[in-house]
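# Notes for the structure review
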Amino acid sequence: MQMVDHLRFSGRPAADVMFVVLTVLQTVSLQTISIAEAAPPDSPYVAGFERFARPGEIAPEVGGRLLVSELSCTACHSSPSELLTAKRGPILAGAGNRLNHQWIRSFLAAPHQMKPGTTMPDILGGLPAGERNAAINALVAFIGSLERPYPEFKGTGAKPVPSEFWNLGDARAGRQLYHRIGCVACHAADVDYETVETKPTPLDELLQQLDPAELKEMGLATAARRVTSVPLGDLPAKYNRKALTHFLLAPHSTRPAGRMPDFQLGLVEAADIAAWLLQDQVPGTAAEIKAAESRDVPQVRASIADAPSAAPSGANSLDSSLVAQGRDLFTSLRCVNCHAIDGLATGPPAMPLARLDRSVGTHCYGTAGKNAPGFSLDDDQVASVKLALAAVAARSTSGDDGPERGTSSAVAAPSPESDQLQLGLLRLNCLACHTRDKQGGVGRYRRAFFETYGNIDIGDEGRLPPPLTGVGRKLKPAWLSRVLQGNGSIRRHMRIRMPVFPAAHVKDLPAQFAMADGGARQQSEHEVFGDAGPLAEPGRALLDTGCVQCHPLRGNALSGVVGIDLAGVTDRVQPEWFREFLLNPSSLKPRTRMPTFFPQGMSQNPNVLAGDADRQIAAMWAYLKDVEKHRLPDKIEAARSQSYELVPDNRPILLRTFMEKAGTHAIAVGFPEMVHFAFDAEHVRLALAWRGRFLDAEGTWFVRFAPPAQPLGTDQIRFPAGVPLAVLPDAASPWPRTDVDQDTAEGDTYRYFGYKLDQSGVPTFQYRYNDYDVHDRIQPQAGHLLRKLTITKRQPFRSRATLWLRGHAGKSLQRDGRLSYTSETGLQTSIQHVDAAGELRRQETIVEWIIPLNFDRQTTVEMRYQW
Amino acid sequence: MVNPATAYNMLHAIAPPVAARCLHWLCSFVLPVAAAGWLAANLASAAEPVALPNESDFYRLISVATSESPTDSRAKNWRPAPNGLALEVSGLTVVDDQRVAVAIRKGEVWILGGVYDDPPRNVTYQRFATALHEPLGLLKHDDAFYTVQRSELTRLRDTDADGQADEYRSIAKGWGLTGHYHEYAYGPKLDRQGNFWLTLNIGLGLKGAQLDRTVRDPTLGYRQGRWRGWGMKVAADGELIPVCAGMRSPSGIGMNSAGDMFYTDQQGNWVATNSLHHMREGVFFHHAEALASMALPGSTITDVKKVPGGLPYPAALAAFPQLRPPAVWFPYEKAGQSATDIMLDDSNGRFGPFANQLFVGEFTQASLQRVFLEKVRGEYQGACFPFRSRFASAVLRLAQGTDGSVFVGLTNRGWSSLGTAAYGLQRLVWTGKTPFEIKEMRARPDGFELVFTQPVDVASATETGSYAMQSHTYLYHSTYGSDEIQRQTLAIKQAKVSPDGMRVHLRVAGLRELFVHELIAAGVRSRDGHPLLHSHAWYTLNRIP
């Protein structure tokens, strides 16, 4: 068995080329065919078998069962056993425009040489040469006729769909993706690819130094073993970029067995990876397929629906008869048993599995014989299959021919569920990434490819896929189902992606895990924690003592913290596991970085809930369960505020934003004195003031929907609507209305000019009204606001009517002094530096205090606002 | 004669040509190894070069500062990358041969130094201004910076020379801002008369208090904030002058080499696909709700009694005299999904062979398109071409550096884009190698003239089968976007190469005015045997000369 451990990216090995050349020439010379057949065949590659059965890490019979299902024995040799369900092959609908026809031809002629490690048997090898040749021609014609349009993708603002995206792949980008997102968990890495981590881990160094005997003695033989790679075959000969890109985008639409999982790639990502895998191919498009097709394949476009009788009358009758011949062969040779095609019946019955004479079945095991396919198994594989078949036969003779239940069968199994689970994990190669019960996990020499974004070091936990040991106790089945459906990416700091497997193959996994790990009888939340609801607030406090140092919460985290967000954890993990994990993390997860906060089960924090460890854990659960409704833990809130809360430490801070009470042109100004205001630049007025904390800018800065900013502090006071100054023909004229009508506020009357910041950062607003320039400066003084309006007459000055200042307005005004009034809102305005006391007047529903301003060139009015 | 439709489909699917491909396959599969070697050696000059050139061979991307962040651009709790400036570039202007200034979406202006370094190892950051409301443009002009915030055009000046703006002068305001997030305001860009140009997004689905801040057209009943969907200019004295209307999401403004002002629009309601328009007085583009401001004083659009809906564009133009077709349509997906900034290559060749052409940013596909414009009977029309892809994030802003290289401002928050970053600044540098491209595509009475950047191989360029053409138009309607409709395949009757090999005159049967003409010149080879770097072009044939 020769394993290909690195991709053959640079050139096809000579032997392959020679083989291919010879295969093609077979149509010319029978002599060459025999030479091709003489080449040593590769045995089928089944990842779980190679890694675990061959070195004896799983029972040989389990390896045998795995082979029986992965080689799809039961597709022909029927068996009622669910453990032996046939994997079956790719769906060939669309093969005509997906696969290079020349490749189909070569593959049919010698599958094991054309695609080393394939689980497809040699079907035709047992036929006499002439017959065999004719069969290949017919099958290529038939398979080549199976066309199916590629799916169409619709671009939107949320979905980039560059046109003909499959031609846009960039091999360099594809190479990086291939080595980052998880392809190399199963497939070979490029020898020259450089990971960021180049230093071997201490374990690697140890493994390096030990000899095999020592490794075995220390129980490190498994860890030291190089994990072989799932061969990719000669992709450039098989696919063009369009075909491979579409395969990567939806592998299960052609390979429903899901051994190649769906990484939910973006369109261009798929094109990039395809470009990398096909980089030896001269860049191009469908030309490869079409070119081959035009030479080798009859130009017939018969879909299955177009039976020969329905073929277009103009079609070449020889070609359509070849297609029909191929279709017949597809059934009679039992191809259809693995490659189901709508409208085609299964092939002739074969001997049921239980009745096979396992000692004789050499036809299937080795090279193809008359009427029997050749799987090209090696000795290990044959021995394992024989063991599995022996078990089947034993059950059959003991009368237990049904699904393998109970332990009465000849080969004892712990339980059918755990068998199912074990085989399921082996089939889907889950153990390529995940460990379970000390088996599997990312293989040696592959770990460096598992990186975090930014290459932050949060240990192996932070970069390797999580172990599955005890996962049935740990995770709630509903959450595990979500993960398996591709909706569970909570480890966003990892570059590796958890791919999606076909629902049919993983739907039972959560229940099987639960059963196997004793998690089927989980205690309810109430049983574990009692009535914990009221404990949420102490729970919040407890989170601050440790959890927040490593875990974000609702997207917020302490500076530099990267890890799993604890929001939603109560939907993910079982309450019992949560409790146990907090009490003793490493008992459930050896070598975890999670520290023990309850050494010997004792709380380190006697001040919360009287130091009762169980109650404290219950409290944390209660808080996390309702985390959306509660405040963030103080430390996280402080960190969040540091990022988004505007805290004017030593200078004023401005924020231009939407505010409910200051409009869409609001300019909020916060002061170190902790008195703040918002100026409405649309209506040119002071709109709002408050004390205490200023504003949170997150919505203004980073939220697409631009929510209005809310004052964080207290003592909010609104100022009366309307501009501060107005030229009135007489004292009875109405104050200009500006709060709804934009025309009067802007236009000819008021013109806002922005602001200037002085040395201390205090803004002075500037605007022009009529023949007056106004500088408007507002800042805190003794806990209140002091406003200085400096009004300058512009030259030439034409205005004849009097300029009035509106000192105050409200439903009612209480006189506090000659130049001081308080409204029903509690806002008091006091004015200095004016000669006239002004007058109170009623305008519709409000009372106004207006003061005439008479001055030569410039005046400054000081208004003090208290509330 | 091959049926034109078949030829078109073949060209769509097959490039480079089948003949060369067959040789490759012969080499790989049919011939014995020794013979294959012989053949390869003897056909080396005729066979395809193994690695075709790609965009990066001609235009190299340098990351000045890009985030490495797995943030979902649409996440509810979007966060900038930790420990970094959220360099979501929304405005970009060149300061000198060391520095650029950027506006960022959170509302600040930063001056970045060392940005021309290659690699840029020592980029410096200086905060110049803060507290701007989602500024979506930045312009350095007369020792000040100008930016359009949501509510005003603002001039930023540092009057006390401490490196930070202290004067935030409101130069012009007065357009409506109901509070809807989609009411973005873009600009300014300067014209040769010294006017600032800015454009105003339409609001979407206004409700509640937002409606109190709208104007309503008495005839048509549309409601929007004042001048929403309009292109405005601001005179030096600060007067806000409405110019043209009917914009949906006009995130790009730019001047061409003749000094005319253009804007880009993005597909959506009333807008069939992304487009480039010549802004001039009294012209209406697409989005009917902009007519809410038709009756306001200063409006340049009058007398629209009824807006037609559900008509093919040519018919809509006939029924709606104020409606003017775009100078260039960017067919959806093929030439981007959301057009943004417009940049004139004003570098006299330091940015490669496309001097005086326009470059248009592309948000969703994180790329740039190139535009050739010509005037036919007094109106602009022209062609767009793919130019450069694979920016690190959505391209929002463009500015040409003093050395001719192009700074590209990136941010994808709120929508989605290709690329690996959420935001950043990159620089696109011409490598000095000339790509084989269709430089210009000009309308002719009987077809098109193609001008190439390099001499063509006469045999392939004379072969009519090297080209394929189809034309289509769009529906003008209130729904979101439009399919390409009334598609027809055009026969290429003749392809005639100029003596210098730089031009090809295509005689084409069946030109249709007001239709987009899609050209695929996949079979054309340069004199030294290269295929076109981009074989597709889309010409918006408003008028046949």
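Residues numbered from 1 in each chain as written. Chains lettered and ligands numbered in written order. Predicted model: local features only at pLDDT ≥ 70, side-chain atom pairs only at ≥ 80, totals over all residues.

## Observations regarding the overall build of chain B
- Looking only at helices and strands, chain B has six helices and 35 strands in total.
- The burial tally for chain B puts 57% of its 545 residues in the buried class. (Helix = DSSP H or I, 4+ residues; strand = E, 2+ residues; numbered from the N terminus. Buried ≥ 20, exposed ≤ 12 C-beta atoms within 10 Å, placed from the backbone.)

## Digging into the overall build of chain A
- Secondary structure assignment for chain A yields 35 helices and 21 strands.
- Residue burial in chain A is summarised as follows: out of 867 residues, 46% are buried.

## A short note on the nonpolar core
- Judged by nonpolar contacts, the single largest core of 333 residues is most densely connected at Ala-274, Ala-668 and Ala-678 of chain A together with Val-102 and Leu-410 of chain B.
- Of the residues forming this core, the biggest block, nine residues, is contributed by helix α16 (residues 267-277) of chain A.
- Those residues in contact with Ala-678 of chain A that sit more than four places away from it in its chain are Met-659, Ala-662, Ala-666, Ile-667, Ala-668, Ala-687 and Leu-688 of chain A.
- Counting 29 residues, the second-largest nonpolar core is a separate cluster that includes Leu-566, Phe-578, Ala-619 and Trp-621 of chain A. (Core = buried A, V, L, I, M, F, W, Y, C linked by C-beta atoms within 7 Å. Contact = placed C-beta atoms within 7 Å.)

## So, the sheet that holds strand β4 (residues 653-659) of chain A
All names here are of chain A.
- Ordered in space as β4-β5-β6-β7-β9, the five strands form an open sheet in which the pairing is antiparallel. Here the strands that pair on one side only, and so sit at the sheet edges, are β4 and β9 (714-718). Direction aside, the axes of adjacent strands within the sheet are offset by 20° on average.
- As paired strands, β4 and strand β5 (residues 663-670) are joined by six bridges and run antiparallel to one another. Bridging from a neighbouring strand, Leu-655 pairs with Ala-668 of β5. (Pairing = 2+ DSSP bridges. Axes fitted to C-alpha atoms, helices over the stretch in contact; angles between N-to-C directions.)

## Quick look at the environment of Gly-518 of chain A
Residues and elements named next belong to chain A.
- Within the secondary structure, Gly-518 sits in the loop between α26 (509-516) and α27 (525-529).
- Take Gly-518: there are 11 C-beta atoms within 10 Å of it, and that puts it in the exposed class.
- Sequence-wise, Gly-518 and Gly-472 are 46 residues apart; in three dimensions their C-alpha atoms are separated by 7.1 Å.

## Considering the domain arrangement of chain B
Residue and element names in this part refer to chain B.
- Partitioning chain B into structural domains gives domain 1 (4-16 + 435-541) and domain 2 (56-71 + 86-430).
- The centre of domain 1, based on its C-alpha atoms, is set 29 Å off from the matching centre of domain 2.
- Counting only elements with at least two residues in the side of domain 1 that touches domain 2, the list comes to β28 (438-444), β31 (475-476), β32 (485-497), β34 (515-520) and β35 (536-541).
- Taken together, the residues of the side of domain 1 that touches domain 2 break down into 15 nonpolar, eleven polar and six charged. (Domains from an automatic or database assignment. Nonpolar A, V, L, I, M, F, W, Y, C, P; charged D, E, K, R; others polar.)

## Here's the deal with unusual backbone geometry
All names here are of chain B.
- The omega torsion across Asp-118 and Pro-119 is -5°, close enough to zero to call that bond cis.
- The topology assignment puts Pro-119 in the loop between β4 (108-113) and β5 (124-129).
- At Ala-131, a residue that is not glycine, the phi angle is positive and equals roughly 60°.
- Considering the arrangement of structural elements, one finds Ala-131 in the loop between β5 and β6 (139-141).
- We classify Ala-131 as buried; it has 23 C-beta atoms within 10 Å.
- Positive phi, close to 70°, is recorded for Leu-514, a residue that is not glycine.
- Position of Leu-514 among the secondary structure elements: in the loop between β33 (503-509) and β34.

## Some points on the sheet that holds strand β20 (residues 846-853) of chain A
Residues and elements named next belong to chain A.
- Sheet architecture is open: four strands sit in the order β10-β15-β20-β19, paired in antiparallel fashion. Strands with a single pairing partner mark the edges of an open sheet, and in this sheet they are β10 (725-728) and β19 (839-843). Neighbour to neighbour, the strand axes of the sheet diverge by 40° on average, direction disregarded.

## A short note on the confidence of the model for chain A
Residue and element names in this part refer to chain A.
- Per-residue confidence for chain A gives a mean pLDDT of 85; residues scoring 70 or more make up 87%.
- Element-level pLDDT for chain A is lowest in helix α2 (residues 30-38), with a mean of 32, against a maximum mean of 98 in strand β6 (residues 675-680).
- Confidence drops under pLDDT 50 across residues 401-413; counting only partners more than four residues distant or on other chains, this segment forms 29 contacts. (pLDDT = per-residue confidence, 0-100.)

## Description of helix α22 (residues 416-427) of chain A
Residue and element names in this part refer to chain A.
- Helix length check: α22, at twelve residues, gives a terminal C-alpha distance of 16 Å against a target of 16 Å (1.5 Å per residue), a fit within 8%.
- Three or more residues of α22 are buried, namely Gln-420, Leu-421, Gln-422, Leu-423, Leu-425, Leu-426 and Arg-427.
- Close packing links the buried residues of α22 with α3 (47-53), α4 (60-70), β1 (435-436) and α26.
- Positive phi shows up at Asn-429, right after α22, with a value of about 60°. (Expected span 1.5 Å × (residues − 1).)

## Side note on the domain arrangement of chain A
- By domain assignment, chain A separates into domain 1 (41-88 + 351-405), domain 2 (525-641) and domain 3 (650-866).
- Put simply, the middle of domain 2 of chain A and the middle of domain 3 of chain A, counted by C-alpha atoms, are 49 Å apart.

## Details of the environment of His-833 of chain A
All names here are of chain A.
- Structurally, the position occupied by His-833 is in the loop between β18 (828-832) and β19.
- On the basis of neighbour counts, which here come to 12 C-beta atoms within 10 Å, the residue His-833 falls in the exposed class.
- Put simply, His-833 and Ala-345 are 488 residues apart on the chain and 103 Å apart in space, counted from C-alpha to C-alpha.
- In this view, His-833 contacts Thr-860, Val-861 and Glu-862; residues no more than four positions away in its chain are not counted.

## Some remarks on the environment of Ser-367 of chain B
Residues and elements named next belong to chain B.
- With respect to the secondary-structure elements, Ser-367 resides in strand β23 (residues 367-376).
- By C-beta crowding, Ser-367 is classed as buried, having 27 other C-beta atoms within 10 Å.
- Expressed as a C-alpha distance, the spacing of Ser-367 and Val-395, which sit 28 residues apart in the sequence, is 6.5 Å.
- In this structure Ser-367 touches Gly-336, Glu-362, Arg-388, Ser-389, Phe-391 and Val-395, once residues within four positions along its chain are discounted.

## Here we look at the confidence of the model for chain B
Residues and elements named next belong to chain B.
- Model confidence for chain B is summarised by a mean pLDDT of 90, while 90% of its residues fall at 70 or above.
- pLDDT under 50 marks residues 13-50. Its contacts with residues more than four places away, or in other chains, come to 47 contacts.
- The ipTM for the predicted assembly is 0.91, set against a pTM of 0.87.

## Describing the packing of helix α30 (residues 575-583) of chain A against helix α32 (residues 613-625) of chain A
All names here are of chain A.
- Contact geometry for α30 and α32: axes closest at 10 Å, N-to-C directions at 125°. With respect to α32, the axis of α30 lies oblique. The crossing of α30 and α32 is right-handed. Of the residues in α32, those touching α30 at Pro-575, Phe-578, Arg-579, Leu-582 and Leu-583 are Ala-613, Ile-617 and Trp-621. (Parallel < 35°, antiparallel > 145°, perpendicular 65-115°, else oblique. Left-handed = near helix turned anticlockwise from the far one by under 90°.)

## Structural notes on the pairing of strand β15 (residues 802-810) of chain A
All names here are of chain A.
- With eight of its nine residues buried, β15 lies for the most part within the structure.
- Of the strand pairs in this sheet, β15 and β20 are connected by seven bridges, and their pairing is antiparallel. Bridging across to β20, Ala-809 finds its partner in Glu-848.

## A short note on the packing of α4 of chain A against α22 of chain A
Residue and element names in this part refer to chain A.
- At a minimum axis separation of 10 Å, α4 and α22 run at an interaxial angle of 60°. Between α4 and α22, the angle falls in the class oblique. Crossing handedness for the pair α4 and α22: right-handed. On the side of α4, the interface is formed by Val-62, Arg-65, Leu-66, Ser-69 and Glu-70, while α22 contributes Gln-422, Leu-423, Leu-426 and Arg-427.
- For the contact of α4 with α22, the per-class residue count stands at four nonpolar, two polar and three charged.

## Details of helix α6 (residues 101-109) of chain A
- A large share of α6 of chain A lies buried, amounting to nine of its nine residues.
- Of the positions making up α6 of chain A, those classed as buried are His-101, Gln-102, Trp-103, Ile-104, Arg-105, Ser-106, Phe-107, Leu-108 and Ala-109 of chain A.

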